[in-house]
Amino acid sequence: MSLQAMTYLVVGMTFALYIGIAIWSRASTTKDFYVAGSHVHPVANGMATAADWMSAASFISMAGLIAFMGYGGSVFLMGWTGGYVLLAMLLAPYLRKFGKFTVPEFIGDRYYSKTARIVAVICLIVASVTYVIGQMKGIGVAFSRFLEVDYNVGLVIGMGIVFVYAVLGGMKGITYTQIAQYCVLILAYTIPAIFISLTLTGVPLPQLGLGATMSGSEVFLLDRLDQVLSDLGFSDYTTTARLSHLNMFVYTFSLMIGTAGLPHVIIRFFTVPKVKDARSSAGWALVFIAILYTTAPGVAAMARLNLIETVNKPDGTQLVYAERPTWMQKWEETGLLAFEDKNGDGRIVYSADAEVNEMVKVDRDIMVLANPEIAGLPNWVIALVAAGGLAAALSTAAGLLLAISSAISHDLLKGVFKPDVTEQQELLASRIAMAFAILLAGYLGFNPPDFAAGTVALAFGLAASSIFPALMMGIFNKRMNKEGAIAGMVAGLGVTLLYVFQHKGIMFIASTSYLGDMSPNWFLGIEPNAFGAIGALINFGVAYVVSHMTAAPPEHIQHIVEDIRVPHGAGEAISH
Amino acid sequence: MSQKADYWSANLRLIALCLAIWFVVSFVFGIILVEPLNNISLGGYKLGFWFAQQGSIYVFVALIFFYANRMGKLDKEHDVHEDKDV
């Protein structure tokens, strides 16, 4: 069977499975739509959270970025897992005890203020829409390759599918479909990784294969990679930092607290039966996430090595362009891979020197999808990777769209502007909000600000600078009042957005950037993707100062804070 | 009331311990001290690189379960657990 037919078959079968489950468990009441009736087992919830969490950024994009950044790519690995430690200890159990549906609802009640709730909704929407842009990039890349069309066409098709998908089911549909999606995506990620690790090192587990010797040789794989890279003039894979160690520190911090501040992840912890379960759910989620995250470094290093050895063959000759493998031709059609025969010898020269390098464009987001083809694995494995990438992107896009739509219909419409809204109207409003969010994110996805994982990192920075500090202070600082929280959120988000827009363009439209994305303009050499941690510090600082200049929160709020600190008395999530 | 306050300060101490470990394995071993640690090797891995790309993640998983387990015990010791709600 041809690769394209096989891809249609495998992707089609997995889609039929998700949609079947979504219809089977279709949400009927508003409460089911949001939190699935709070009856999800911690292991099941952990698995669904993992699927929700691991998006196009983790699946399609991250290993490709690490492949080209080497040690510097560790920021994604540590940042996107370490956040769960914060989530499990600083937020999840207390928010579960509080027992509300949405993050803005908690902020509105804890800070006894509709203004605080509206500010939280704005923060949530800015972060989530940015996140969806990253997913759209991943979906566009996947569809463009497997339908063999231009990236932009792939993106439009992806938008249509995301819309149908997200509107079909609420959280309950999504919880069960996400368990199925997790299974598909983790198989799709680990099977090719095991094949490749076996071929290169003879060790099946990529976690061990990465530290092993090459098959039939005494040379360690990582030493070999360092060697071939330095032969081509690149810096060492295992020691090259991302810009600076300070930048890596801040970047990792930003991703960690962003993880703990992203509303679509937090909302997951409202669906477990007990406070106790919220803690262990975070642990289970991280177990399922770690399976992919500890495999990714192996995928990255092995993909880079295979790519180099395809172009610069081990016998010392360079690949003849006319004889290039089919996968290169297919990716050239998408516009995401490009060669230019600068010296006219008909061979491809890959070099760190931009003057002579002829592999002029390698979009990092194609690496994971192309990896099994580069390694020459069977067609069914390649098709499975496509299905996994789409599962990752779709599940996260759906979770984010749910968070956006519930913020608008539940928090703004019902909570603030029109409390007497009927359930049907609320559902309708949430669907319109979803459609609008998809169009906006899709439109911005035509010219994304960065590779998928970089775009998602920006979203984390925005969540880190705005939502995380407000939630944490709401639990750990009884004295924090509405003035402090609002000023903190506005300052944190404002500073981060200004810094990001200054370099990446207003709403990420590059032509509107006012200083250009130039590293000499970066504050202390910190790249925009990493700035969320600085925004969060500003948020904490401003909130602390402002709260001490204004009146303490009322007595009953201080009692609420005392109450959420103990598990006893937790009921089911309730709506006010 | 003091029961609750004791429970809360025990919780804060536990969080401080866990976050100290969290910080050391990722930020200290994976970033700040990565260069000296890279002189030590773990199979084909340089140790600092291993912490940044593998080791820190394993420790994070263990930390959350350790915390969840200890908090379960604290809930019972201080009699603030949920099982008595029914």
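Criteria and cut-off values
Residues numbered from 1 in each chain as written. Chains lettered and ligands numbered in written order. Predicted model: local features only at pLDDT ≥ 70, side-chain atom pairs only at ≥ 80, totals over all residues. Heavy atoms only, no water. Salt bridge = Lys/Arg side-chain N within 4 Å of Asp/Glu carboxyl O. Helix = DSSP H or I, 4+ residues; strand = E, 2+ residues; numbered from the N terminus. Buried < 20%, exposed > 50% of the residue type's maximum accessible area, 1.4 Å probe, protein only. Core = buried A, V, L, I, M, F, W, Y, C linked by side-chain atoms within 4.5 Å. Contact = heavy atoms within 4.5 Å. Patch = residues over 30% accessible without salt bridge, like charges linked within 9 Å, V, L, I, M, F, W, Y side chains within 5 Å. Areas by Shrake-Rupley, 256 points an atom, 1.4 Å probe, with all protein chains shown as cover. Axes fitted to C-alpha atoms, helices over the stretch in contact; angles between N-to-C directions. Nonpolar A, V, L, I, M, F, W, Y, C, P; charged D, E, K, R; others polar.

*Asks:* So, the pattern of salt bridges: which residues are in play, and what are the values?
*Replies:* All names here are of chain A. Taken as a whole and assessed by the stated rule, the structure comprises 15 salt bridges over all chains. With a shortest N-O distance of 3.1 Å, Arg 268 and Asp 52 are connected by a salt bridge. Placement of the pair is Arg 268 in the loop between helix 13 (263-266) and helix 14 (275-311) and Asp 52 in helix 3 (residues 42-53), with a sequence separation of 216 residues. What makes Arg 268 buried here is its relative accessible area of 0%. What makes Asp 52 buried here is its relative accessible area of 3%.

*Asks:* Tell me about the nonpolar core, and name the residues and values.
*Replies:* All names here are of chain A. Ranked by internal contacts, the top residues of the largest apolar core, which has 228 residues, are Trp 53, Phe 59, Phe 76, Trp 80, Leu 91, Ile 107 and Tyr 293. No other element matches helix 17 (residues 379-417), which puts 20 residues into this core. Aside from chain neighbours lying at most four places away, what touches Trp 53 is Ser 58, Trp 80, Tyr 84, Tyr 131, Thr 259, Leu 262, Val 265, Ile 289, Tyr 293, Thr 396 and Phe 460.

*Asks:* Any chance you could break down a nonpolar patch on the surface for me, citing the residues and the numbers?
*Replies:* Taken together, the side chains of Met 1, Leu 9 and Met 13 of chain A define a hydrophobic patch exposed on the protein surface, amounting to about 350 Å² of accessible area. Relative to the helices and strands, Met 13 of chain A is located in helix 1 (residues 3-24).

*Asks:* Which residues make up the packing of helix 4 (residues 56-69) of chain A against helix 5 (residues 74-98) of chain A, and what are the values?
*Replies:* Helix-helix packing: each pair is described by the crossing angle between the helix axes and the interaxial distance. Residue and element names in this part refer to chain A. The geometry of helix 4 relative to helix 5 is characterised by a closest axis approach of 9 Å and an angle of 145° between their N-to-C directions. Seen from helix 4, the contacting residues are Ala 57, Met 62, Leu 65, Ile 66 and Met 69; seen from helix 5, they are Phe 76, Leu 77 and Trp 80. Looking at the contact of helix 4 with helix 5 residue by residue, the classes come out as eight nonpolar, no polar and no charged.

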